[in-house]
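Residue-level listing of the chains:
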Amino acid sequence: MLKYILKRIVMIIPVVVAVSLIVFFIMDFVPTDAAVTALGDGATEEQLEEYREAHGLNDPLLVRYIRYMGGVLKKDLGTSYANNVPVWDLFFKKFPTTLKLAISSVLVTVILSIPLGIIAAVKENTLVDTAASTVSFVGLAMPNFWLGLLLIILFSVKLGWLPSTGANGWKSFILPAITCGTGNMAALTRTTRSAMLDVLKQDYLRTARSKGVSDQKIIMKHALKNAQIPIVTMIGIQVSTLIGGAVLTERVFALPGVGSFLVDSILKSDFEVVTGFIIMLAVFVSVVLLIVDIVYAFLDPRIKAQYSKS
């Protein structure tokens, strides 16, 4: 098992290198001068050229890439042109907000979707199944920004129960979490329903029923337990997506997260931040997928046995 985990950790390296290569080369073709971004439009040509030389911007692309990746190994993602602050510090200042949003949103999705998926599977092809599926698709049909604005109008403006912007305390994440969580309901509900249907039709569950085992015990102890793999996969994908940046939600609720700051950096042509943030997001998404793979081993003894042999 330990060998497998180490192999998966090592596999993160080529992913990060590939992402960094793509991002670095794309940023090089963007018609923007980092020197102008840093010094402003009022800088003279001599000042701009001096800045380019001092920061190695005139070096060949491959040389700059190798130098940049050498800095990454030393926790140096460069310095923001617009803010003159290390990108590493900026990322870890913004990332906790995005992580809180991702976790709270997935909790909302899990709390709403898994029960709906189970009910839809148990009551297959009935009005209850149709109703459960319809409810899950309501969240998908509503755009995040529109739902977020409705929640702000109701709970912040009209009722005054919850803050509409900022990230001051856990109450600030309730409306954003509902906004993102309901948007992901449909996928997890359908995944749960499909996984449960596959398990409920297995022969060993029919045998359990014939022996008098209660339906509740069959569903919760046997069926749901054996349907966890695809459910965990979908949850892992959703966490990865949200960590990658729930940009619209962060913008609507003025959350100081990675996605919102990334958009601002693009608008400011601060591509040192863009490059560094995308590389770090790739690392964290890879870590989430690694955790999902490890969870598989604990959920399914057959997978654990396979890992033990590797």
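Values in this document were obtained by computation on a predicted structure and should not be read as measured data. (Residues numbered from 1 in each chain as written. Predicted model: local features only at pLDDT ≥ 70, side-chain atom pairs only at ≥ 80, totals over all residues. Heavy atoms only, no water.)

(A) Main features of unusual backbone geometry. Residues other than glycine seldom take positive phi values, yet Asn-125 does so here, at roughly 60°. Looking at where Asn-125 falls in the secondary structure, it is placed in the loop between α5 (87-122) and α6 (127-141). Residues other than glycine seldom take positive phi values, yet Ala-254 does so here, at roughly 50°. With respect to the helices and strands, the residue Ala-254 is situated in the loop between α13 (247-252) and α14 (258-267). Under the relative-accessibility criterion, Ala-254 is labelled partly exposed at 42%. (Helix = DSSP H or I, 4+ residues; strand = E, 2+ residues; numbered from the N terminus. Buried < 20%, exposed > 50% of the residue type's maximum accessible area, 1.4 Å probe, protein only.)

(B) A look at the packing of α5 against helix α8 (residues 174-183). At a minimum axis separation of 7 Å, α5 and α8 run at an interaxial angle of 55°. Of the possible angle classes, the one that applies to α5 and α8 is oblique. As α5 runs across α8, the sense of the crossing is right-handed. For the pair α5 and α8, the contacting residues are Leu-101, Ser-104, Ser-105, Val-108, Thr-109 and Leu-112 in the first and Pro-176, Ala-177, Ile-178, Cys-180, Gly-181 and Thr-182 in the second. Broken down by class, the residue content of the contact of α5 with α8 amounts to seven nonpolar, five polar and no charged. (Axes fitted to C-alpha atoms, helices over the stretch in contact; angles between N-to-C directions. Parallel < 35°, antiparallel > 145°, perpendicular 65-115°, else oblique. Left-handed = near helix turned anticlockwise from the far one by under 90°. Contact = heavy atoms within 4.5 Å. Nonpolar A, V, L, I, M, F, W, Y, C, P; charged D, E, K, R; others polar.)

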